[in-house]
Amino acid sequence: MTLLRRSLFISLLICLGCVAQSTPPDLARKVEHQVRAFYNLPPEVKVTVGAITPTSDLPGYDSVAVKLDQEGKGKDYTFLLSKDRGTMLRVTKFDLNKDPYADLMSKIDVSGRPSRGAKSAKVLVVNFDDYECPFCSRMHQTLFPELLKEYGDRVTFIYKDYPLAEIHPWAIHAAIDAGCLAAQNGDAYWDFADYIHANKQEVDTEKTPGGRLEAVDKMAMLQGQKHNVDVAKLQSCLKAQNEDAVRASMKEADSLGVNATPTLFINGRKIDGAVPIDEVRATLDAALRDAGQPVPTHPPSAPTPASK
């Protein structure tokens, strides 16, 4: 019995040695300084060094978790820490059994969203959009009608909402109005997106915040009437201004690393900003080839003006 108790006690000590250990303050400070210096982090980014845990990834090393937090948006990293605590490594491990593009696209919920182009195509373009963003308007004009004409028979286009409310005060309101139209008629939704991206100055020239919101509602009502939606139902939706769906889209975008608009995901390939049309074409073509689909013939690029 005594021998059994002793064996259990030794086993317990071994197990206790395998669990996470708190990082000593002086070591945590060293880790923080290295992370701040290497990534050139501004002072407002909070760096939290977590516990040290055993790892089998590399002999002679343990792992330590480091969290970076700025304005409530956190991101976790794992570093390898040598047993003698003299060296720290950042190693990226790739799972070759998983397609990173497909994995990313699986995290984007497009259920119920209106689409343009081919139905159920093998290439999906998801654009996180902001109706008040001038760069989004530029990208919208690139996608529609230009790229829709070239790829519309083999690519599906879907928009999701990422209004930058801190700098665009009527963007959430416009996204909600668009959603009210989408709930009844997909064509009304797309016509609203086309119109507001081409004519946002009609909203911006209103002198008061209330006037700008009224201008957005008027645009939505005009598209609703044009497409014969249930006007009473549309008016009720516009008045309610339920932000739940838009906020959920914003949260999803944050989880995907979106921090600006426009941001496109083309079968998992990310495009940040209103890039030139040739860059979007190249990404679309790469996605089509990967999907085993033919690439369309492109119009010749405009000649570059001769320098004087």
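See the structure above.
Just so it is clear, the model here is predicted, and its values are computed rather than measured. (Residues numbered from 1 in each chain as written. Predicted model: local features only at pLDDT ≥ 70, side-chain atom pairs only at ≥ 80, totals over all residues. Heavy atoms only, no water.)

Peer 1: What is the right way to read the overall build of the protein from this model?
Peer 2: When helices and strands are counted, the protein shows 11 helices and 9 strands. The C-alpha extent of the protein, read off along each of the three principal axes, is 85 × 50 × 50 Å. Taking all 308 residues of the protein together, the buried fraction comes to 40%. Residue pairs at least 24 apart in sequence account for 63% of intrachain contacts in the protein once pairs closer than 6 positions are excluded. Carbon and sulfur atoms make up 55% of the accessible area of the protein, which amounts to about 18100 Å² in all. (Helix = DSSP H or I, 4+ residues; strand = E, 2+ residues; numbered from the N terminus. Buried < 20%, exposed > 50% of the residue type's maximum accessible area, 1.4 Å probe, protein only. Contact = heavy atoms within 4.5 Å. Areas by Shrake-Rupley, 256 points an atom, 1.4 Å probe, with all protein chains shown as cover.)

Peer 1: Looking at this structure, I do not really get the state of the cysteines. What am I missing?
Peer 2: By definition, a disulfide links two cysteine residues through a covalent bond between their sulfur atoms. Under the defined criterion, the tally for this structure stands at 1 disulfide. In this model, Cys180 is linked to Cys237 through a disulfide, with the two sulfur atoms separated by 2.0 Å. Between Cys180 and Cys237, the S-S torsion sits near -80°, and that sign places the bridge as left-handed. In this pair, Cys180 is assigned in helix H5 (residues 171-182) and Cys237 in helix H9 (residues 231-240), connecting sequence segments 57 residues apart. Overall, Cys180 belongs to the buried group, its relative accessible area being 3%. Judged by relative accessible area, which is 30%, Cys237 ranks as partly exposed. Cys133 takes part in no disulfide bond, and the closest cysteine sulfur, belonging to Cys136, lies 3.2 Å away. Judged by its relative accessible area of 3%, Cys133 falls in the buried class. (Disulfide = S-S within 2.5 Å.)

Peer 1: Any chance you could explain the pattern of salt bridges here in plain terms?
Peer 2: Pairs may arise between side chains of opposite charge once their charged atoms sit close together. Overall, the coordinates contain 16 salt bridges when judged by the stated rule. Put simply, Lys200 and Asp204 hold a salt bridge, and the shortest N to O gap is 2.7 Å. Among the salt bridges present, the one from Asp278 reaches Arg281, with a minimum N-O distance of 2.8 Å. Of this pair, Asp278 and Arg281 are both found in helix H11 (residues 277-290), 3 residues apart, which corresponds to roughly one turn of the helix. Look at Asp278 and you get partly exposed, because its relative accessible area is 41%. Connected via shared salt-bridge partners are Glu146, Glu150, Asp278 and Arg281. (Salt bridge = Lys/Arg side-chain N within 4 Å of Asp/Glu carboxyl O.)

Peer 1: Help me understand H5 in this model?
Peer 2: Working note: α-helix, 3.6 residues per turn, so residues spaced by three or four point in the same direction. In a regular helix each residue adds 1.5 Å, so 12 residues correspond to 16 Å; H5 covers 16 Å between its end C-alpha atoms and thus fits that length. For H5, a buried count of 11 out of 12 residues is recorded, marking the element as mostly surrounded by other parts of the structure. For H5, the set of buried residues is Ala171, Ile172, His173, Ala174, Ala175, Ile176, Asp177, Ala178, Cys180, Leu181 and Ala182. Of the surrounding secondary structure, the elements contacted by the buried residues of H5 are strand S7 (155-161), helix H6 (186-198), helix H8 (209-226), H9 and helix H10 (244-255). (Expected span 1.5 Å × (residues − 1).)

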